[in-house]
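# Observations on the three-dimensional arrangement
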Amino acid sequence: QTGVPKLFFPLLARTMTSLIPPPIAEQRPHEVVFGAVEGQNRGLNPFKQQRKYPDPWFWLRDDDRKNEAVLAHLRLENDYAQQQTAHLKGLEEKLYNEHVGHLNETDEKPPYLHGNFFYYTRTVKGLSYKIHCRKPKSEGWLPDPAAVEQVLLDENKVAEGHPQCVIGSVTPSTDHSLLAFCVDYSGDEVYDVVFRDLSTGEDLPDTVKGVAAGLAWGPDNKTLYYCTQDATKRPYKLWRHVLGTDCATDVCLFTENDEQFWFGFGKSKSGRFLFAESGSSETSEIWFLDLHAPDAELKLIQGRQFGLRYSIEHHGDGFLIWTNKDGAINNRLMTAPVATPSQEHWVEAIPYDATRKIDDVEVFSDFVVLEGRQGGLSRVWLLDAPGGTRIDAGSLRQLQFHEELYTVSLSVNKVMDAPFVRILYSSLTTPNTWYNYEMKRDAASPLTVVKQETILNFDSNKYTCFRAFAKAPDGAMIPMSVVRAKSLYDADGGVKEDGKPPAAKPMMLYGYGSYGMSMDPHFDARILPYLDRGVIYTVAHVRGGGEMGRYWYEEQGKYLNKRNTFSDFIACAEHMIDNGFTTPDLLACEGRSAGGLLVGATINMRPDLFKVAVCGVPFVDLMNTMCDPTIPLTTGEWEEWGNPNEDKYFSYMLSYSPYDNVRAQPYPNIVITAGLHDPRVAYWEPAKWASKLRSLKIDNNDIILKTDLESGHFSASDRYKYLRQKSFEQAAVLDKLGLAAAEVKALSS
């Protein structure tokens, strides 16, 4: 009588009974200890009376990534994720094809002159990885199109037989006859160094295993400097290796024993000095080695003093130093002699401007270029420095661009006497564009386009962007960068005269807000599937980031002011809802890594604001991770979040830790991704979080956890696999925002 075949009901019953229920890992009693623990570095002032906090999902932590019970649970989570998104497979494939359809699969980056060669990388349609190439130097600043290309390194061949392959530090020797590069096959950011003879293309028998990313050649073309990590994957030792010798005889030049400091190194642009830097969030210390002096030893620039930060470059007969000395929170530019480089000899090169942040310095024979921030945007400034001996402070000038919102940065500049600086520019609607900027002040047309990235099936004229501001609870104005399709409101009569939207639309709100990192308004083709389906894409420049300068982070977005980051994000969501741009049922949010902490904390505080949240490799288990010095990055990040082993920070950090504040309340739909070999945010953080959320929430919304069992923090290294991962996430978001049904139906018919 119903018109439904009788066979349907037993089939339905079998299908329903075979469905995987939302996985909740078994709870096993465990207590996490906070405070002093004998034999462990728990910070300077851990409380003596230990505090113990229950964590019944602690057992999901397996440092070796081999526990079969844990792996079985992660596989079950992956199966559940596939089940819950099975109806979206057609849409995922369509989104993937759109991503690939925007990709100029066979392309190359702009060549740059280095020594007697032009170096560049290129990609080939169907191949997952880059190919590193060079051509011989010719007249002018671009290679002769007829010049013969030499392939130095084909990453596709290195990756053969490996599901994950990360290539780092591709570095030619000083005379360009050899190549050194780093390879990581798991995503755990521990590399092996390979040496290649560029005259034959053959790899040398030498290899250095278990290093951190970063390599530097000595001037003799046989000496290589590298760095190794401690048990927590903190870079801490500088080594010198000589080709043809056993690595067991390599010389350790420096060891950083303070567990709150990381170590890094690099060569000056002049090639004369090797700089070795120890640093924390608050303090830095740099040593230098004169590579042109036989038997030279490391010499100290300025000893560490808590709160003093500085960076350095060699210029002319001295050093350029940009530093926060004397309260210059956004850094002042100073000079120092090589013979006496300590801070009592630092001399200001240009007057300090508290509104201008200096992040980096590029030196040339007759010019100095500054990269930094002002007015909430990235900036580049030029200074005359004739002969490299004196900086003309009065010559400071800023590069100007016509768009309201944009991102600009220094590109590759290897030639000291080049007449131009190469920069990289983009905006929310303008693809990556490389310019050569003529540095002489009387240049008739200083800006020359070298290359603009080709984005297929894209017309920048179809999109528009603008800046908006939300008022935080303490009165701070939080900037947002917004981009949408120009035609979004055509069916609603267009934007109102007062600038307000005529109708609420779906929106993705993206945020990060930690480490002083800026989420600048740059071009990202990966958001086009959202824009083309009527989604407004908004980036919230919340405190904890560096968009408005160092104070936006240091004074207002870390330690005991960290909750500003979350209240700022909430204020941005409320602003967009209150002003008619969107509604809670149409609002999605996204954050990765520390941005996952932002989203995780926000949806604990205001789950009612969002329909769906995307959390990529989310740092959500703040208390557990930050109390345990055996976990990578922990000790170095006590100067970011605080140390929960100390009274000063314990309660405050506990008040916002996402995992610890999950409670019985409705939550939005949540899409979580993780990487099994991630050394930065261990896979068990999102795994534990997903189980706790499911065990406590009081709604029927989906929580999906998808763990890549072959990758680390930065997802798949294969560019096509990466786009498939993005398509999975975007299909889930579009589905929950109500934008997928028609497409899914059309694709299944």
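Residues numbered from 1 in each chain as written. Predicted model: local features only at pLDDT ≥ 70, side-chain atom pairs only at ≥ 80, totals over all residues. Heavy atoms only, no water.

Okay, the overall build of the protein next. The helix and strand tally for the protein stands at 14 helices and 39 strands. Each principal axis of the C-alpha distribution contributes one length, and for the protein these read about 95 × 65 × 60 Å. When burial is assessed residue by residue, the protein has 57% of its 749 residues classed as buried. A fraction of 58% describes how many contacts in the protein between residues 6 or more apart in sequence connect residues 24 or more apart. When the accessible area of the protein is evaluated, it comes to approximately 31100 Å², of which 52% is carbon and sulfur surface. Charged side chains in the protein number 79 positive and 99 negative. The centres of these two groups are separated by 4 Å. (Helix = DSSP H or I, 4+ residues; strand = E, 2+ residues; numbered from the N terminus. Buried < 20%, exposed > 50% of the residue type's maximum accessible area, 1.4 Å probe, protein only. Contact = heavy atoms within 4.5 Å. Areas by Shrake-Rupley, 256 points an atom, 1.4 Å probe, with all protein chains shown as cover. Lys, Arg positive; Asp, Glu negative; His and termini not counted. Charge placed at Lys NZ, Arg CZ, Asp CG, Glu CD.)

As a further point, take the environment of G140. In this structure, G140 sits in the loop between β6 (131-136) and β7 (150-154). Accessibility expressed as a relative area gives 42% for G140, which makes it partly exposed. Taking the C-alpha atoms as reference points, G140 and K505, 365 residues apart in sequence, are found 51 Å from one another.

Under the counting rule described, the total for this entry stands at 47 salt bridges. Where R304 meets E256, a salt bridge forms, and the shortest distance between an N and an O atom there is 2.5 Å. Within this pair, whereas R304 is found in the loop between β19 (299-302) and β20 (310-315), its partner E256 is found in the loop between β15 (251-255) and β16 (262-267), the two being separated by 48 residues in sequence. Judged by its relative accessible area of 3%, E256 falls in the buried class. Overlapping salt bridges bring together K94, E98, R533 and E743 as one network. (Salt bridge = Lys/Arg side-chain N within 4 Å of Asp/Glu carboxyl O.)

The next thing to look at is the sheet that holds strand β33 (residues 477-485). Here eight strands make up an open sheet; going across it, the order is β32-β33-β35-β34-β36-β37-β38-β39 and the pairing mixed. The outermost strands of the open sheet, each flanked by one partner alone, are β32 (463-471) and β39 (703-708). Strand-to-strand twist in this sheet, taken as the mean axis angle between neighbours without regard to direction, amounts to 20 degrees. Here strand β38 (residues 669-675) pairs with β39 via six bridges, running parallel. When the sheet's bridge partners are listed, V671 is paired in β39 with I704. (Pairing = 2+ DSSP bridges. Axes fitted to C-alpha atoms, helices over the stretch in contact; angles between N-to-C directions.)

So, about the packing of aromatic side chains. Ring pairs (aromatic) are described by centroid distance and by the angle formed between their planes. For the structure on display, the rule yields 32 aromatic pairs. Both rings, one in W141 and one in F420, keep their centres 5.1 Å apart while their planes meet at 85 degrees; by these two values the pair is edge-to-face. Highlighted residues: W141 in the loop between β6 and β7 and F420 in strand β29 (residues 420-426), separated in sequence by 279 residues. A residue is classified by how much of its surface remains accessible, and F420, at 9% relative accessible area, is buried. Both rings, one in F263 and one in F265, keep their centres 6.5 Å apart while their planes meet at 20 degrees; by these two values the pair is stacked. There is no split in this pair, since F263 and F265 are both buried. Here a set of aromatic residues connected by ring pairs shows up, and it is made of F254, F263, F265 and W287. Looking at R51, its charged tip hangs above the ring of F650, at a distance of 4.8 Å from the centre. Here the basic side chain of K692 rests over the ring of Y659, its NZ or CZ set 4.7 Å away from the ring centre. (Phe/Tyr/Trp six-rings, centres within 6.5 Å; stacked < 30°, edge-to-face > 60°. Lys NZ or Arg CZ within 6 Å of the ring centre and 35° of its normal.)

Once that is clear, we can look at the sheet that holds β29. Reading across from one edge, β28-β29-β30-β31 is the order of the four strands in this open sheet, with antiparallel pairing throughout. Looking at which strands have only one partner, the edges of the open sheet turn out to be β28 (407-410) and β31 (447-452). Between one strand axis and the next, the sheet turns by 30 degrees as a mean value, whatever way the strands run. Sheet topology places strand β30 (residues 433-438) next to β31; five bridges connect them, and they run antiparallel. The residue bridging Y435 from the neighbouring strand is V449, located in β31.

Here the focus is unusual backbone geometry. The backbone of D326 shows a phi angle near 60 degrees, a positive value even though the residue is not glycine. Among the secondary structure elements, D326 is positioned in the loop between β21 (318-323) and β22 (332-337).

This part covers the packing of helix α2 (residues 68-84) against helix α12 (residues 684-696). Axis angle and axis distance: for two packed helices, these are the angle between their axes and the distance between the axes, and together they describe the pair. With their axes 11 Å apart at the nearest point, α2 and α12 run at an angle of 60 degrees to one another. Considering how the two elements wind past one another, α2 and α12 form a crossing that is left-handed. Residues H73, L74, E77 and Y80 of α2 pack against A687, A690, S691 and R694 of α12. (Left-handed = near helix turned anticlockwise from the far one by under 90°.)

Attention now goes to the confidence of the model for the protein. In this model, the protein carries a mean pLDDT of 95, and residues with pLDDT of at least 70 account for 98%. Scored below 50 in pLDDT, residues 1-16 makes one contact in the model with residues more than four places away or belonging to other chains. (pLDDT = per-residue confidence, 0-100.)

Let us now look at the packing of helix α3 (residues 89-102) against helix α13 (residues 719-736). Where α3 meets α13, the closest approach of the two axes is 8 Å, and the angle between their N-to-C directions is 130 degrees. As judged from the angle between their axes, α3 and α13 are oblique. Note on packing geometry: the crossing formed by α3 with α13 is right-handed. Taken together, the residues of α13 that come into contact with α3 (itself represented by L91, E92, E93, L95, Y96, H99 and V100) are Y720, L723, R724, K726, S727, F728, Q730, A731 and L734. Broken down by class, the residue content of the contact of α3 with α13 amounts to nine nonpolar, three polar and four charged. (Parallel < 35°, antiparallel > 145°, perpendicular 65-115°, else oblique. Nonpolar A, V, L, I, M, F, W, Y, C, P; charged D, E, K, R; others polar.)

Let us look at the environment of V617. With respect to the helices and strands, the residue V617 is situated in the loop between β37 (612-616) and α9 (622-627). Here V617 falls in the buried class, since its relative accessible area comes to 3%. Taking the C-alpha atoms as reference, V617 lies 7.1 Å from P686; in sequence the two are 69 residues apart.

Moving on, we get to α13. With 18 residues, α13 ought to run about 26 Å at 1.5 Å a step, and its terminal C-alpha atoms sit 26 Å apart, in line with that. Counted residue by residue, α13 has 13 buried out of 18 residues, so it is predominantly covered. Measuring from the side-chain oxygen of the N-cap residue of α13 to the backbone nitrogen of Y720 gives 2.8 Å; that N-cap residue is D718. Directly after α13, the chain includes G738, whose backbone phi takes a positive value near 80 degrees. (Expected span 1.5 Å × (residues − 1). Polar contact = N/O pair within 3.5 Å; in protein donor to acceptor, adjacent residues only side chain to side chain.)

As a further point, take the nonpolar core. Ranked by size, the top nonpolar core spans 138 residues in total, and within it V421, Y537, F610, W641, I670 and W689 carry the most contacts. Other than its neighbours up to four places away in sequence, Y537 contacts S481, V482, V483, M508, Y510, I527, Y530 and L531. (Core = buried A, V, L, I, M, F, W, Y, C linked by side-chain atoms within 4.5 Å.)

Mapping S657 onto the fold places it in the loop between α11 (647-654) and β38. Those residues within four positions of S657 in sequence are excluded, and the remaining contacts are N604, V620, D621, L622 and M623.

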